[in-house]
Structure formats: structure tokens, C-alpha cells
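Residue strings, one per chain:
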Amino acid sequence: MDLGVRWKLHGDGRTPAPGAVVRPDERLSWPRTAGLGAQHVVAMFGASFVAPVLMGLDPNLAIMMSGVATMVFLLATRGRVPSYLGCSLSFVGVAAVIRADGGSSATVTGAVFVVGGALFLVGLAVRKFGARIIHAAMPPVVTGAVVMLIGFNLAPVTASTYWPQDQWTALFVMLFTGLAVVCLRGFWSRIAIFLGLIFGYVLSWAQDRIFGQIHSADASGKVTDHWRLDLSGVGRADWIGLPDFHGPSFEWSAILVALPVVIALIAENAGHVKAVGEMTGDNLDDKLGTAISADGVGSMLSTAVGGPPNTTYSENIGVMAATRVYSTAAYWAAACFALLFGLCPKFGAVVAAIPGGVLGGITVILYGMIGLLGAQIWLNAKVDLRNPLNLVPTAAGIIIGVGNVSMEFTDTFSLSGIALGTVVVITGYHALRAFAPAHLKTQTPLLDEGASSYDPGGPGEDQRAKS
């Protein structure tokens, strides 16, 4: 049985040709693959460390279980869908509501465990009936909008959390990283994000030595005098240590609060699989159901031992867009690093010490790349945004997602940001389509190019002929 753990060496394994891509079933030399894996760990670490803290869960356990979930995902998809599964930010608000109602960490993880189970069942349904049911609900105009709002929803994190901590460092890191992505050649251009991180680390250390402490907001948002690079936590942390485990507890009130998030997770997975397919040039429709189920299983495994839920990570998709290395070997390396680093509190302290200004400069580029992948889906599918049927629901959903607009339905249930924006795009598009005049419906077929292989003689036939 092919589990997707065998890779062909790309070229000489050292320097890909200019413009070349390293495909999922290829790899560079193992040292370079390990370096790319480390870059993926860095890309996912910030959100995967912050999200469990906001949810009141152990961040080291989150990192370790993200590695386990990624391994499960790669095995389930047979190495065809290069993705990393990190802690889902979609549940931060849910955890806050559950805790406000007196719920414990076990209550939070129990509710999310059920959501993971629901996601697993949705994936099985997609495998049974085909990707058609997903594409019928989310044609390219919808998937492009979902990918875009997922990326741009992260913009306030940069603007309000990272960038204000040290605006000048953020600016210089952004410029350095941009120059590295565009101007460096060979392998160095492939690890430009990692180089930007190292540059920011050194720059922050040098500024502390030359200018002393900075007066700005710290990681908590409090304006104070502080060092840009604070390594005090590294010295206090142990080298080896187990994270805190606990079992889930199931309460219907908490489960009902958490279940609606499954809508966002389905759309998020579909959008991410679509984005990966656009980058690799592969039709991944046959793996969509498997990817959704694998995401559900990963979340169930994590929450069963007290960790947070996981989802395919847009940050790592951004890294792939920058490096053009889609090798799943790099993701296996990242998963192994995460598994080991989850058992090393000192490593967690080192990464947690990354200055906010450095993250600000890097995430400006990464998050923007993620959002613009949605525009690429529109371009490839020739979506006409002059058509009000396409324009109105996507415009509304993107603004809701980017602005993190919130709708409170009851005192204990609300939707906001990605979840609400996704619901508006999907329901808005189909509701408007039901009432729209016929001439507005003839611009594109209901199914997008990724699903057109179900239509004999359609574009999918041409694609298969080429492959």
C-alpha cells in the first residue's frame, strides 16, 4: 500500500532550477528538507502557541499533537495533499463562551471533540457521494472568497498585536523578507521566510544592545518599557518535560455552542485543499473527503488527551507559496520536529521569545499571500465580479471576515469573523442565485473546474488527457 512516504530526488537535491517547483512526491536533500521542515514549524508555531494559551490549554501539548495530527493527515491523504495541521483559531471564541458559562478545560475539549467527530462524518459523506456536494455548495466564486477571507482575517493580528510592538523592526523585517523572496536564488530563496526570522532576531538583539529598551506595547498589549528580545524564559525552562494531559468532559450546552464551527472548518478545509491544488497543479477532488475526515480525526486525537483542535494551516500554505516547495517530506520533517519540540519546554520558550515586531514583518507578507490565493482561484476559474450574483455575496462575506464582524443570536451563541463570513458567502450566493434572473446564471457553470471531471467532455477530460 502506497502511504506517500517515498519521494524522488528533485534534480541534484540541492538547487531547483529557476521557476521550478518541487512536487509533493519529490524532495530535496535531507538536510535541506529538514531546513524546510523547520521553516514550516516556525510558520505554524506562533498561532499554534497563542491559540491554546487563549483557550486556556497547554501550548506544548498543542505543538506535540499538531505533529501527530499532521502525520495522520499525510498518511490518510497518501502524501498527495501537502498541509500542516496546527491549532485552530476558530475555536478561541467558543472556548471563551464555554468558560464564561463556568466550563472547565475538560468541557472545552469535550465540546471540540464532538465537532471533530462531526467533521469526520462530513468527510465520509464527501468520500461517499464525491466532491460534487462540496463544489455544488462552494463553486469557485465561493471558494475564492473563503480562501481570501481566511487569509485577510489574519490581518488584524498583525496590525493590532505584532506590528505595534516594534514598528521599525517590523518594517525592516518585511523589507528584508520581501527582498529575500524576490532577489535570492536557489535554495536560499526557498527559505526566505526563515532567513527573515533570523534577521529579525539578530536585529532585535542589536537594537537592545545599542538603544536599550523600547517603550511600546508588549505581547499582552500593555504599553511599557521592555526588551525587544527577552530570553529570560529560556533560562527558566526545562530541557525535557511532558505537557499536561487531561480527558474530555461532555456537556450538551457546550457542545451546542461549539457545533456551528464545523461549517467554518468544512469551508476552511475545502478552501485550503483548493489552494494547494491550485499551487501544485493537481486535481485533488478525490482527496477532499479524506482531507476533511483526517482533519476531524486529528482534532479528536488531540482533544482526547487535553489538546486543542487542529486544522489545515494557512500559514504553511503561505510558506509553500513563497518557496514553491510542495514536498510532503518537508511536512514529515516539520511533524517530527513538532513532536520533539512539544516535549522540550526550552524550545517552546525560545520560539515564544520571537519579538512581536519580527512576527509583524513576516506575517504582513505571509497573510497577504494566503488571501491573494483566493484571487488566483477567481482568475483561473474566470469568475466575473462584474456579475452582481458573484459580487454581492463575496463582497459582504469578505468584509465580515476581514472586519471580524459578529452576530449574537443568543446570550450563549454567536458567529463572527471567518465563520460568519463563510456562512454569508455560501448562503448569500445560493439564495441570490435562486431569485436571480436567468441571464446572471449563465456566466459560469455551478460546478468549478476542479469538479468538472464529473462532466464527460468537460474541462476535466482535457486535464486528464494532459496528465
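Residues numbered from 1 in each chain as written. Predicted model: local features only at pLDDT ≥ 70, side-chain atom pairs only at ≥ 80, totals over all residues. Heavy atoms only, no water.

- The chain has the name Solute carrier family 23 protein in an unreviewed UniProt entry, where Streptomyces althioticus subsp. attaecolombicae is given as its organism.
- Heading Sequence similarities (unreviewed entry) of the UniProt record for the chain holds this comment: "Belongs to the nucleobase:cation symporter-2 (NCS2) (TC 2.A.40) family."
- According to its UniProt record, the chain has this under Subcellular location (unreviewed entry): "Membrane". (UniProt positions renumbered as here; feature names shortened; annotations may be inferred.)

1. Let's talk about the overall build of the chain
So, step 1. The helix and strand tally for the chain stands at 22 helices and eight strands.
So, step 2. Working note: accessible area of the chain is about 19700 Å², and carbon and sulfur atoms make up 66% of it. (Helix = DSSP H or I, 4+ residues; strand = E, 2+ residues; numbered from the N terminus. Areas by Shrake-Rupley, 256 points an atom, 1.4 Å probe, with all protein chains shown as cover.)

2. Re the nonpolar core
So, step 1. Counting residues in each nonpolar core, the largest one holds 79 residues, and the members touching the most others are Met138, Val142 and Leu288.
So, step 2. A total of ten residues in this core trace back to one element, the largest contributor, which is helix α13 (residues 261-280).
So, step 3. Excluding its chain neighbours within four sequence positions, the residues that come into contact with methionine 138 are Thr143, Ile266, Ala267, Ala270, Ile426 and His430.
So, step 4. Core analysis: the second largest hydrophobic core is formed by 18 residues, Tyr162, Ile193, Ala322 and Ile370 among them. (Core = buried A, V, L, I, M, F, W, Y, C linked by side-chain atoms within 4.5 Å. Buried < 20%, exposed > 50% of the residue type's maximum accessible area, 1.4 Å probe, protein only. Contact = heavy atoms within 4.5 Å.)

3. Quick look at the side chain of asparagine 310
So, step 1. For asparagine 310, the position within the fold is in strand β6 (residues 310-312).
So, step 2. Take asparagine 310: its relative accessible area is 2%, and that puts it in the buried class.

4. Notes on the packing of helix α19 (residues 388-403) against helix α20 (residues 417-435)
So, step 1. Taken N-terminus to C-terminus, the directions of α19 and α20 make an angle of 165°; their axes are 7 Å apart at the nearest point. One element, α19, and the other, α20, form an angle in the roughly antiparallel class. The interaxial crossing formed by α19 with α20 has right-handed handedness. Residues Leu389, Asn390, Val392, Pro393, Thr394, Ala396, Gly397, Ile400 and Gly401 of α19 form the contact with α20, whose participating residues are Gly417, Ile418, Leu420, Gly421, Val424, Val425, Gly428, Tyr429, Leu432 and Arg433. (Axes fitted to C-alpha atoms, helices over the stretch in contact; angles between N-to-C directions. Parallel < 35°, antiparallel > 145°, perpendicular 65-115°, else oblique. Left-handed = near helix turned anticlockwise from the far one by under 90°.)

5. With respect to the confidence of the model for the chain
So, step 1. Within the chain, residue pLDDT values average 80, and 88% of them lie at 70 or more.
So, step 2. Highest mean pLDDT in the chain belongs to helix α4 (residues 105-129) (91); lowest belongs to helix α22 (residues 459-466) (39).
So, step 3. In this model, residues 444-467 is a region of pLDDT below 50 whose contacts with residues beyond four sequence positions or in other chains number 34 contacts. (pLDDT = per-residue confidence, 0-100.)

6. Overview of the environment of leucine 75
So, step 1. By secondary structure assignment, the location of leucine 75 is in helix α2 (residues 59-76).
So, step 2. For leucine 75, a relative accessible area of 31% gives the class partly exposed.
So, step 3. In this structure the C-alpha to C-alpha distance between leucine 75 and leucine 3, which are 72 residues apart in sequence, comes to 5.6 Å.
So, step 4. Residues within four places of leucine 75 in sequence aside, it is in contact with Leu3, Val5 and Trp332.

7. Quick notes on the packing of helix α7 (residues 155-162) against helix α18 (residues 356-381)
So, step 1. Axis separation between α7 and α18 bottoms out at 9 Å; the angle between their running directions is 160°. As summarised for this structure, α7 and α18 are arranged roughly antiparallel, according to the angle between their axes. Crossing geometry of α7 relative to α18 is assigned as left-handed. Counted together, Ala155, Thr158 and Tyr162 of α7 and Gly356, Gly357, Leu359, Gly360, Thr363, Val364 and Tyr367 of α18 form the full contact between these two elements.
So, step 2. Per-class residue counts for the contact of α7 with α18 are five nonpolar, five polar and no charged. (Nonpolar A, V, L, I, M, F, W, Y, C, P; charged D, E, K, R; others polar.)

8. Thoughts on the packing of aromatic side chains
So, step 1. Within the structure shown, the criterion is met by three aromatic pairs.
So, step 2. Ring geometry for tryptophan 7 versus tryptophan 30: centroids 5.9 Å apart, planes at 85°, classification edge-to-face. Of this pair, tryptophan 7 sits in the segment before β1 (8-9) while tryptophan 30 sits in helix α1 (residues 30-55), placing them 23 residues apart in sequence.
So, step 3. Looking at tryptophan 7, the relative accessible area reads 18%, which means it is buried.
So, step 4. The interplanar angle of 70° and the centroid separation of 5.8 Å between the aromatic rings of phenylalanine 113 and phenylalanine 250 together place this pair among those described as edge-to-face. Of this pair, phenylalanine 113 sits in helix α4 while phenylalanine 250 is found in the loop between α11 (232-236) and α12 (252-258), placing the two residues 137 residues apart along the sequence. (Phe/Tyr/Trp six-rings, centres within 6.5 Å; stacked < 30°, edge-to-face > 60°.)

9. What to know about a nonpolar patch on the surface
So, step 1. A surface patch of nonpolar side chains, amounting to about 290 Å² of accessible area, comprises Leu385, Leu391, Val392 and Leu432.
So, step 2. Within the secondary structure layout, leucine 391 lies in helix α19. (Patch = residues over 30% accessible without salt bridge, like charges linked within 9 Å, V, L, I, M, F, W, Y side chains within 5 Å. Salt bridge = Lys/Arg side-chain N within 4 Å of Asp/Glu carboxyl O.)

10. Looking at the environment of alanine 294
So, step 1. Its location among the elements puts alanine 294 in helix α14 (residues 285-304).
So, step 2. Leaving out residues up to four positions away in the same chain, alanine 294 has contacts with Phe73, Ala76 and Leu85.

11. Notes on the pattern of salt bridges
So, step 1. Taken as a whole and assessed by the stated rule, the structure comprises five salt bridges.
So, step 2. Between aspartate 286 and arginine 80 there is a salt bridge, and its shortest N-O distance comes to 2.6 Å. Taken together, the residues aspartate 286 in helix α14 and arginine 80 in the loop between α2 and β3 (85-87) connect sequence positions 206 residues apart.
So, step 3. You can call arginine 80 partly exposed: its relative accessible area is 28%.
So, step 4. Each of Asp166, Asp208 and Arg228 takes part in a single network of salt bridges with overlapping partners.

12. Details of the side chain of serine 302
So, step 1. By the secondary structure assignment, serine 302 is in helix α14.
So, step 2. For serine 302, a relative accessible area of 0% translates into the label buried.
So, step 3. The residues contacting serine 302, other than those within four sequence positions of it, are Met65, Gly307, Pro308 and Asn310.

13. Digging into α18
So, step 1. With 26 residues, α18 should reach 38 Å at 1.5 Å per residue; the first-to-last C-alpha distance of 38 Å fits that figure.
So, step 2. Two residues or fewer after α18 comes lysine 382, characterised by a positive phi angle close to 55°. (Expected span 1.5 Å × (residues − 1).)

14. Here's the deal with the environment of leucine 57
So, step 1. Position of leucine 57 among the secondary structure elements: in the loop between α1 and α2.
So, step 2. In this view, leucine 57 contacts Pro52, Arg99, Ser105, Thr109, His246, Gly306, Gly307 and Pro308; residues no more than four positions away in its chain are not counted.

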